[in-house]
Amino acid sequence: MAAANSTTEGNQKRITEMYCSAEFIGDVDSELIFLSVLNSLLSITAFLGNALILVALHKESSLHPPSKLLYRNLAIADLCVGIIAQPVDVANWMSAVNEGWTICYHTELTAFITSHILCSVSLLTSTAISVDRLLALLLMLKIQASCNFAKNIF
């Protein structure tokens, strides 16, 4: 997979190499530590919240099965964000604070890939849920209109 390149002072560097360098990080150690703590708390919240949603969906029987599947898919994608993407971001920021540039490079690449994949899955699932709800609404209106038409005839 080709990485994006940027030209700086005549030298070509990969974006991940720029993010994982002392020049880029500069004096933002305290900000990265704050973001790491905040992201850790949000990771725990995302995990617990989506696990609770999955348990509730397992016990719920009144939902239409295709809709239930879409909600489960969204909850699992968001659960994976809490389990995978956010901890990798925390590892990336902490490796930058501790100047572990090799680890930083690998975690930056992993964070980029996992974040984009999981965000795409969440966005596409949300779109599918919206289309499902729109179709349910439109089909229900058509059924009600045909019932009203039949009442008026008879």
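Above this note sits the structure.
Bear in mind that the values here come from a model prediction, so they are computed numbers and not experimental data.

(A) Region of interest: the nonpolar core. Counting residues in hydrophobic clusters, the biggest one holds six residues: Cys20, Ile25, Leu32, Ala96, Val97 and Cys104. Those residues in contact with Cys20 that lie beyond four places of it in its chain are Asn92, Trp101, Cys104, Tyr105 and Glu108.

(B) Layout of helix 3 (residues 29-59). A rise of 1.5 Å per residue sets the reference length of helix 3, with its 31 residues, at 45 Å; its end C-alpha atoms lie 45 Å apart and thus fit the reference within 8%. Considered for burial, the residues of helix 3 that qualify are Leu32, Ser36, Asn39, Ser43, Ala46, Asn50 and Leu57.

(C) Spatial organisation of a negative patch on the surface. Among the surface-exposed residues, Asp27, Asp29, Glu31 and Glu99 lie close enough to one another that they form a single negatively charged patch. Within the element layout of this structure, Glu99 appears in the loop between helix 4 (65-97) and helix 5 (101-153). On the basis of relative accessible area, Glu99 is assigned to the exposed category, the value being 54%.

(D) Molecular detail of the pattern of salt bridges. The final tally for this structure, using the stated rule, is one salt bridge. A salt bridge links Arg133 to Asp132; its shortest N-O distance comes to 3.3 Å.

Analysis parameters
Residues numbered from 1 in each chain as written. Predicted model: local features only at pLDDT ≥ 70, side-chain atom pairs only at ≥ 80, totals over all residues. Heavy atoms only, no water. Core = buried A, V, L, I, M, F, W, Y, C linked by side-chain atoms within 4.5 Å. Buried < 20%, exposed > 50% of the residue type's maximum accessible area, 1.4 Å probe, protein only. Contact = heavy atoms within 4.5 Å. Helix = DSSP H or I, 4+ residues; strand = E, 2+ residues; numbered from the N terminus. Expected span 1.5 Å × (residues − 1). Patch = residues over 30% accessible without salt bridge, like charges linked within 9 Å, V, L, I, M, F, W, Y side chains within 5 Å. Areas by Shrake-Rupley, 256 points an atom, 1.4 Å probe, with all protein chains shown as cover. Salt bridge = Lys/Arg side-chain N within 4 Å of Asp/Glu carboxyl O. Lys, Arg positive; Asp, Glu negative; His and termini not counted. Charge placed at Lys NZ, Arg CZ, Asp CG, Glu CD.

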